[in-house]
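# Results of the structural survey
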Amino acid sequence: MDRPEVRDLVYFTAVAEHRHFGRAAEQLGMAQPPLSRAISRLERRMGVRLFDRTSRRVDLTAAGEVFLRESRKILAGLDAAVRRTQQAARPRRLVLAAPTGTGAGLLAEVLDTYRRGTDRVPVEVMFTADAGAALRTGAADAALMCSTDDHDGLDGVDLLDETPVALLPAGHPLATRDSLTMAELHGDSLFRASPPPVGLDEILDRVAIGEFAVLLGASATGRLGSSVAAVPVRGVPANQIVLAWPRDTPSAARDELVRTAVEVAARD
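Parameters and conventions
- Residues numbered from 1 in each chain as written.
- Predicted model: local features only at pLDDT ≥ 70, side-chain atom pairs only at ≥ 80, totals over all residues.
- Heavy atoms only, no water.
- Helix = DSSP H or I, 4+ residues; strand = E, 2+ residues; numbered from the N terminus.
- Expected span 1.5 Å × (residues − 1).
- Patch = residues over 30% accessible without salt bridge, like charges linked within 9 Å, V, L, I, M, F, W, Y side chains within 5 Å.
- Areas by Shrake-Rupley, 256 points an atom, 1.4 Å probe, with all protein chains shown as cover.
- Salt bridge = Lys/Arg side-chain N within 4 Å of Asp/Glu carboxyl O.
- Phe/Tyr/Trp six-rings, centres within 6.5 Å; stacked < 30°, edge-to-face > 60°.
- Buried < 20%, exposed > 50% of the residue type's maximum accessible area, 1.4 Å probe, protein only.
- Lys NZ or Arg CZ within 6 Å of the ring centre and 35° of its normal.

Quick look at helix α3 (residues 32–46) now. Taking 1.5 Å of rise per residue, 15 residues should cover 21 Å, and α3 covers 21 Å from first to last C-alpha, within 8% of that figure. Phi turns positive one or two residues past the end of α3, at G47, with a value near 75°.

Dropping the structure here:
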């Protein structure tokens, strides 16, 4: 088979997502007739019809739906390959992705321990709602994730089980309770369901001054000062925290970070 080129996939994906040749051509910065000819050539090359065209609309065929899914995967994989190649050419560093609040205390301790070692590379923390996507696209070298997240295409190591606690200003009416429920937290005007994408120390500072209350893992309690109270939350299962990385991507610096994380988690 005459293999399609990358630009064929880009052209096809644009038309498939817009369901309109004119709008796709505008996005691509080209005229509509060359785009229409390119799609026709692609269909002839593959021997399948990808679109059903009428004077009023453009729809994907069943084959086109399959090719759209596969094209997106190929283009995302190519983008990831470019990012990883560019990273390899830059001064050495590691990017560690983490959802805000996931293993927050563990993360801080791992980074402190790793940075005290010899011949360490700089570590940049990327706070993101989708750490798995950061790994698959090449934006991150490693990530803290929950065991229930999608780990397809990733390797990883279990670190610890983390029970949830509510972090509240020390003077808050709920701060002296033995435990809380999620319903009680949601009924409090200070409670924020998702912590901001910042480091643990900043979260604790902002909780201390009464800016908000949040739900974090119990590993954060090791860094509390007297201005913040941690109260266990009933009815919320523990999270198993995993350190993950893209499969088949060797990295000595990342492996050292993984070893450090395992050692720190074993101490805790």
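The grouping of V6, V10, L78 and V82 at the surface amounts to a nonpolar patch, some 270 Å² of accessible area in total. For the nonpolar patch, the secondary structure elements donating two or more residues are α1 (6–18) and α4 (62–89). Examined against the element boundaries, V82 turns out to sit in helix α4.

Right, let's talk about the packing of aromatic side chains for a bit. Evaluation of the coordinates by the stated rule reveals three aromatic pairs. A centroid spacing of 5.4 Å and a plane angle of 50° characterise the contact between F12 and F51, whose relative ring orientation is tilted. Of this pair, F12 sits in helix α1 while F51 is found in strand β1 (residues 51–53), placing the two residues 39 residues apart along the sequence. Judged by relative accessible area, which is 0%, F12 ranks as buried. What makes F51 buried here is its relative accessible area of 1%. Taken together, the aromatic side chains of F12, F21, F51 and F67 make up a single cluster linked through ring pairs. Just above the ring of Y114 sits the side chain of R120; from NZ or CZ to the centre is 5.0 Å.

What follows concerns unusual backbone geometry. For residues other than glycine, phi is negative in most cases, and the peptide bonds are mostly trans. Of note in this structure, R19 is not a glycine but carries a positive phi near 55°. In this structure, R19 sits in the loop between α1 and α2 (21–28). Positive phi outside glycine occurs at D248, with the angle close to 60°. By secondary structure assignment, the location of D248 is in the loop between β10 (239–246) and α9 (252–267).

Turning our attention to the pattern of salt bridges. A full pass over the atoms with the stated rule returns 18 salt bridges. We note a salt bridge from K73 to E70, for which the minimum N-O separation is 3.6 Å. Here the residue K73 and the residue E70 both occupy positions in helix α4, the gap between them amounting to three residues, near one helical turn. The class for E70 is partly exposed, based on a relative accessible area of 35%.

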